[in-house]
Amino acid sequence: MALTVVSMACVEFFLVHGVWTQKGGRDSPFLSALPSAVVPRGGHVTLRCQYGGGFNNFTLYKEDRLHVPILQGVISQESFLMGPVTAAHAGTYRCRGSHRHSPTSWTALSNPLKIMVTGFHRKPSLQALPGPLVKSGETVILQCWSDIVFEHFLLHREGIDENLLRLDGEPRDGGSQANFSIGPMTTILSGTYRCYGSVTHSPYEWSAPSDPVDIVITGRPGKPSLSAQPGPRVQPGENVTLSCSSRTWFDMYHLSRDGEAPELRLPAVPSVNGTFQAHFPLGPATHGRTYRCFGSLPGTPYHWSAPSDPLSVSVT
């Protein structure tokens, strides 16, 4: 295969056939992807080759024999901007560096970096079992499933490229599924998760992402209290407002209904009695439900307080 050259900042882009030519025995640079190695089809990704040894010419290699379109631009001498991304960009990359005054002296090859392109199949579904609110030290199962038979599933946490979790798909009602066990739960493991599916003959081409699931750790000190106005027993059609409050400062309050993942949140505001409150207007009451509320701080959006005592609102 012919050599493709990009004449920007003395950067060359080679398509090699799985064989890495290497000169010298220097330390390896580190190759990373920004904002993520999981890239939607049509999107853009920057591959950054970092090395602290004063090298200013960097070469990017791709392992397979597929043709890759010429790079659309270079952000800096060690950064390669690719896009709009297609299936041809998917694959494993490495980089190495050389000095402009010694072009034959190369660093060792970097770590391999897999670029996965998404959007080639319908999105799977993702759910947390028994639920997305988890106490510290507990384990949660993230179940990814689809009516498409996927041989492989990938679990991706937003903002994290390292240690992407892969599992083989298992049969489910004519489709497939995979169960990812996450735990014992710590703040490092909390965050927003999505899953993808792929087939064996296209290992770097993944489905559209599932809807996101937020995994939240509960138990932070400062358990709030929950009350109802005009009261926990109302007539059909009567307007109900739930008030969540605490003497501990929280930036945000989250309201959970019948044990489901919280869908309502409001900023906490200080009140005259020294508490921090949020008022959730629920509108006309139709039937009874049980509610809890949680508090969170801006620096740790996935680490919430212990839940308030449950409040049952009944319609009589």
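Please refer to the structure higher up on the page.
Every chain begins its residue count from 1, and numbering advances along the sequence as written. Given that the model is predicted, a residue must reach a pLDDT of at least 70 before its local features are reported, and side-chain atom pairs must reach 80 or more before they are shown or counted; all residues, however, enter totals for whole chains, interfaces and linings. Each side-chain value is derived from all of the structure's non-hydrogen atoms; neither hydrogens nor water enter the calculation.

This part takes up the overall build of the protein. To qualify as a helix, a DSSP run of H or I must reach at least 4 residues; to qualify as a strand, a run of E must reach at least 2; elements of each kind are numbered from the N terminus. Assigned secondary structure in the protein consists of 0 helices and 31 strands. When accessible area is computed with a 1.4 Å probe and restricted to protein chains, residues below 20% of their type maximum are described as buried, those above 50% as exposed, and intermediate ones as partly exposed. Taken over 316 residues, the protein has a buried fraction of 43%. Here the Shrake-Rupley method, with its probe set to 1.4 Å, supplies the accessible areas, and only the displayed protein chains count as covering residues. Surface exposure of the protein reaches about 15,700 Å², of which carbon and sulfur atoms provide 54%.

Side chains that differ in charge, positive against negative, can pair when their charged atoms come close. Any Lys or Arg side-chain nitrogen located within 4 Å of an Asp or Glu carboxyl oxygen qualifies as a salt bridge. On inspection of all chains with the given rule, the structure shows 5 salt bridges. Residues Arg194 and Glu158 are paired through a salt bridge, measuring 3.1 Å at the closest nitrogen-oxygen approach. In this pair, Arg194 is assigned in strand 19 (residues 191-198) and Glu158 in the loop between strand 15 (152-157) and strand 16 (165-168), connecting sequence segments 36 residues apart. Relative accessible area serves as the criterion here: at 24%, Arg194 is assigned to the partly exposed category. Residue class for Glu158 comes out partly exposed when judged on its relative accessible area of 48%. One salt bridge connects Asp258 with Arg289, and the closest N-O pair in it is separated by 2.8 Å. Of this pair, Asp258 sits in the loop between strand 25 (252-257) and strand 26 (264-267) while Arg289 is found in strand 29 (residues 289-297), placing the two residues 31 residues apart along the sequence.

So, about the packing of aromatic side chains. Here is the rule: rings of Phe, Tyr and Trp (six-membered ring for Trp) pair when centre to centre is within 6.5 Å. Planes less than 30 degrees apart are stacked, more than 60 are edge-to-face, and the remainder are tilted. Throughout the structure, instances matching the rule amount to 3 aromatic pairs. Relative to Phe153, the ring of Phe150 has its centre 5.8 Å away and its plane inclined at 85°; by these criteria the two rings are edge-to-face. When the centroid spacing of 6.0 Å and the interplanar angle of 65° are considered together, the rings of Phe250 and Tyr253 count as edge-to-face. Each member of the pair Phe250 and Tyr253 is classed as buried. Throughout this description, the term charge over a ring refers to an Arg CZ or Lys NZ atom that lies within 6 Å of the ring centre and within 35 degrees of the ring normal. When the ring centre of Phe120 is taken as origin, the NZ or CZ atom of Arg41, which lies over that ring, is 4.5 Å away. Just above the ring of Trp145 sits the side chain of Arg172; from NZ or CZ to the centre is 4.2 Å.

Here, strands pair whenever DSSP counts at least two bridges between them. What the 4 strands build is an open sheet, ordered 22-24-28-27; its pairing is antiparallel. Looking along the sheet, the strands with just one partner apiece sit at the ends: strand 22 (225-229) and strand 27 (269-270). Bridge analysis of strand 24 (residues 239-246) against strand 28 (residues 276-284) gives 8 bridges, and the strand direction is antiparallel. Paired with Cys244 across the strands is Ala278, a residue of strand 28.

With relative accessibility at 22%, the residue Arg289 sits in the partly exposed group. Put simply, Arg289 and Val313 are 24 residues apart on the chain and 5.5 Å apart in space, counted from C-alpha to C-alpha. The contact rule is simple, with two residues in contact once any of their heavy atoms fall within 4.5 Å. Residues contacting Arg289, with those up to four places away along its chain left out, are Arg257, Asp258, Leu311, Ser312 and Val313. Side chain to side chain, Arg289 and Asp258 meet in a polar contact 2.8 Å long. Side-chain atoms alone can form a polar contact between residues adjacent in sequence; in general such a contact is a pair of N or O atoms within 3.5 Å, and within protein one must be able to donate a hydrogen while the other accepts it. There is a polar contact of 3.1 Å between the side chain of Arg289 and the side chain of His287.

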